[in-house]
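Chain by chain, the residues run as shown.
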Amino acid sequence: MAKRQSTPKIKALVAGNWKMNGIGKQLGEVRKLASAINRKKPNADVMICPPATLLTRMAALKLKGVALGGQDCHADIEGAHTGDISAEMLKEAGAKAVIVGHSERRADYGESDKAVRAKVEAVHRAGMMAIICVGESLKQRRAGETLKIVKAQLRGSLPAVCIAKNTVIAYEPVWAIGSGLTPTIAQVEEVHSALRSALVRRFDDEGAKMRILYGGSVKPANANELMLVPNVNGALVGGASLTAKDFCGILEAYF
Ligand code: 13P
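Here the structure is a predicted model, which is why all the values come from computation and not from measurement.

A short note on the overall build of the protein chain
At step 1: Helices and strands together make up the secondary structure of the protein chain, namely 10 helices and 8 strands.
At step 2: Here the C-alpha atoms of the protein chain give a radius of gyration of 17 Å, agreeing with the 18 Å that 2.2 N^0.38 yields for 255 residues.
At step 3: Along the first, second and third principal axes, the C-alpha atoms of the protein chain reach 50 × 45 × 35 Å.
At step 4: Taking all 255 residues of the protein chain together, 52% fall into the buried category.
At step 5: When contacts within the protein chain are restricted to residue pairs at least 6 apart in sequence, long-range pairs at least 24 apart make up 73% of them.
At step 6: By element, 54% of the accessible surface of the protein chain is carried by carbon and sulfur atoms, the whole surface being about 11500 Å².
At step 7: Separation between the mean location of the 36 positive side-chain charges and that of the 24 negative ones in the protein chain comes to 6 Å.

Next comes the structure, spelled out in structure tokens:
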């Protein structure tokens, strides 16, 4: 398949969010992924965000072509926060990026836009890239509130100063996550275009260069058409990132 990209000047990012999945025996999947990438050289950056317990072990594999990321962080550098991990700790463990504001965290832990924004600032402070998730619920979509919701999340979750190098947006409709449902191409295009306009209004040239990923039931069968949508600059993949076979199937869109 020809190498193609929806927005030619922006290099795409395809990131796998392993969520709370993966123990040592799954490291083999990342090795397989790396060897496929080095053979086929996709026209996209590739990242895996494993559970924090696997970060150092994945980093120790020193795999070329697969960057690593964390799935969440605390806003502080250190302190009395049992069970939490700081951005600096993730960086030391080998992460280059951190997902923040995932809808599962917004729902499970009541993370507000303000809390997400503090985490984005922490990721930037540590010198890493924040992958900031926004997305509407099914109820909000049915009520015609999608654009209002995602723009408000964007406004509230992003610090005043963001550049394309340290900021990636992921549009993940909550109802499309893990459900096998995806929005229509027209719906994806509408949201991504609204997000692009909001980013440009706020960050000028940097906003024009920021990557906007689509996430929610991305799989080999739908990746190609989704990745061709204007202003879709890659994907944030859950379930299908857990095996090298499915993840490579998605990367086909960039081979
Ligand atoms: P699925 O690809 O499993 O729908 O998950 C998407 C997601 O939440 C990625 O962050």
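The structure having been displayed, the exposition proceeds.
A short note on helix α2 (residues 52-60)
At step 1: Buried residues of α2: Leu54, Leu55 and Met58, and no others. One face of α2 carries all of its buried residues, which in axial projection span an arc of 125°. Seen from the open side of α2, the exposed residues pointing more than 90 degrees away from its buried face are Thr53 and Ala60.
At step 2: Packed against the buried residues of α2 are α1 (27-40), β2 (44-49), β3 (67-70) and α3 (87-93).

Some remarks on the site of the ligand
At step 1: Close to the ligand lie 13 residues, the nearest being Lys19, His102, Gly178, Ser217 and Gly239.
At step 2: Here Asn17 contributes a side-chain N or O atom positioned 3.0 Å from an oxygen atom of the ligand.
At step 3: Within the backbone of Gly239, an N or O atom sits 2.9 Å from an oxygen atom of the ligand.
At step 4: Notes on the ligand: free accessible area 310 Å², of which the protein chains cover 94%.

A word on helix α5 (residues 113-125)
At step 1: Here α5 spans 18 Å end to end across 13 residues, near enough to the 18 Å set by a 1.5 Å rise per residue.
At step 2: Among the residues of α5, Val116, Lys119, Val120, Ala122, Val123 and His124 are the ones counted as buried.
At step 3: For α5, the elements touching its buried residues are α3, β4 (97-100), α4 (103-108), β5 (129-134), α7 (146-157) and β6 (167-171).
At step 4: Count one or two residues on from α5 and you reach Gly127, which has phi positive near 80°.

Let's talk about the nonpolar core
At step 1: Val14, Leu33, Ile48, Val100, Ile169 and Leu195 are the most contacted members of the largest nonpolar core, which has 68 residues in total.
At step 2: If we ignore the near neighbours within four places in the chain, the residues touching Val14 are Ala44, Asp45, Val46, Met47, Ala235, Val237, Phe247, Ile250, Leu251 and Tyr254.
At step 3: With 13 residues, the next largest nonpolar core counts Leu13, Ala97, Val168 and Ala170 among its residues.

Brief notes about the pattern of salt bridges
At step 1: Counted under the stated rule, the structure contains 14 salt bridges.
At step 2: For Glu104, the salt bridge goes to Lys19, with nearest N and O atoms at 2.8 Å. Taken together, the residues span a long stretch of sequence, with Glu104 in helix α4 and Lys19 in the loop between β1 (12-17) and α1 at a distance of 85 residues.
At step 3: With its nearest N and O atoms 3.8 Å apart, the salt bridge here joins Glu121 to Arg117. Residue Glu121 and its partner Arg117 are located together in helix α5, separated by 4 residues, close to a single helical turn.

Examining the environment of Arg117
At step 1: A residue is classified by how much of its surface remains accessible, and Arg117, at 28% relative accessible area, is partly exposed.
At step 2: In this structure, the C-alpha to C-alpha distance between Arg117 and Gln153, residues 36 residues apart in sequence, is 9.8 Å.
At step 3: With near-sequence residues (within four places) excluded, Arg117 lies in contact with Arg155, Gly156, Ser157, Leu158, Pro159 and Ala160.

Section: the sheet that holds strand β7 (residues 211-215)
At step 1: The strand order around the closed barrel built from 8 strands is β1-β2-β3-β4-β5-β6-β7-β8, with neighbouring strands paired in parallel fashion. Between one strand axis and the next, the sheet turns through 25° on average, direction left out of account.
At step 2: Relative to β6, β5 is paired through 5 bridges, and the arrangement is parallel. Opposite Val134, over in β6, you have Tyr171 as the bridge partner.

Some remarks on the pairing of β4
At step 1: Here β4 shows a buried face lined by Ala97 and Ile99 and a second buried face lined by Val98 and Val100.
At step 2: Strand direction decides the pairing type here: β3 and β4, joined by 2 bridges, are parallel. The partner of Gly70 across the bridge, within β4, is Val98.
At step 3: Handedness of the β-α-β unit built from β3, α3 and β4 comes out right-handed.
At step 4: One ladder, built from 4 bridges, connects β4 with β5; its direction is parallel. Pairing of Val98 across the sheet is with Ala130, part of β5.

About the thresholds
- Residues numbered from 1 in each chain as written.
- Predicted model: local features only at pLDDT ≥ 70, side-chain atom pairs only at ≥ 80, totals over all residues.
- Heavy atoms only, no water.
- Helix = DSSP H or I, 4+ residues; strand = E, 2+ residues; numbered from the N terminus.
- Rg over C-alpha atoms; globule rule 2.2 N^0.38 Å.
- Buried < 20%, exposed > 50% of the residue type's maximum accessible area, 1.4 Å probe, protein only.
- Contact = heavy atoms within 4.5 Å.
- Areas by Shrake-Rupley, 256 points an atom, 1.4 Å probe, with all protein chains shown as cover.
- Lys, Arg positive; Asp, Glu negative; His and termini not counted.
- Charge placed at Lys NZ, Arg CZ, Asp CG, Glu CD.
- Arc of directions from axis to C-beta.
- Near = heavy atom within 4 Å.
- Polar contact = N/O pair within 3.5 Å; in protein donor to acceptor, adjacent residues only side chain to side chain.
- Expected span 1.5 Å × (residues − 1).
- Core = buried A, V, L, I, M, F, W, Y, C linked by side-chain atoms within 4.5 Å.
- Salt bridge = Lys/Arg side-chain N within 4 Å of Asp/Glu carboxyl O.
- Pairing = 2+ DSSP bridges.
- Axes fitted to C-alpha atoms, helices over the stretch in contact; angles between N-to-C directions.
- Right-handed = clockwise from strand over helix to strand, strands pointing away.

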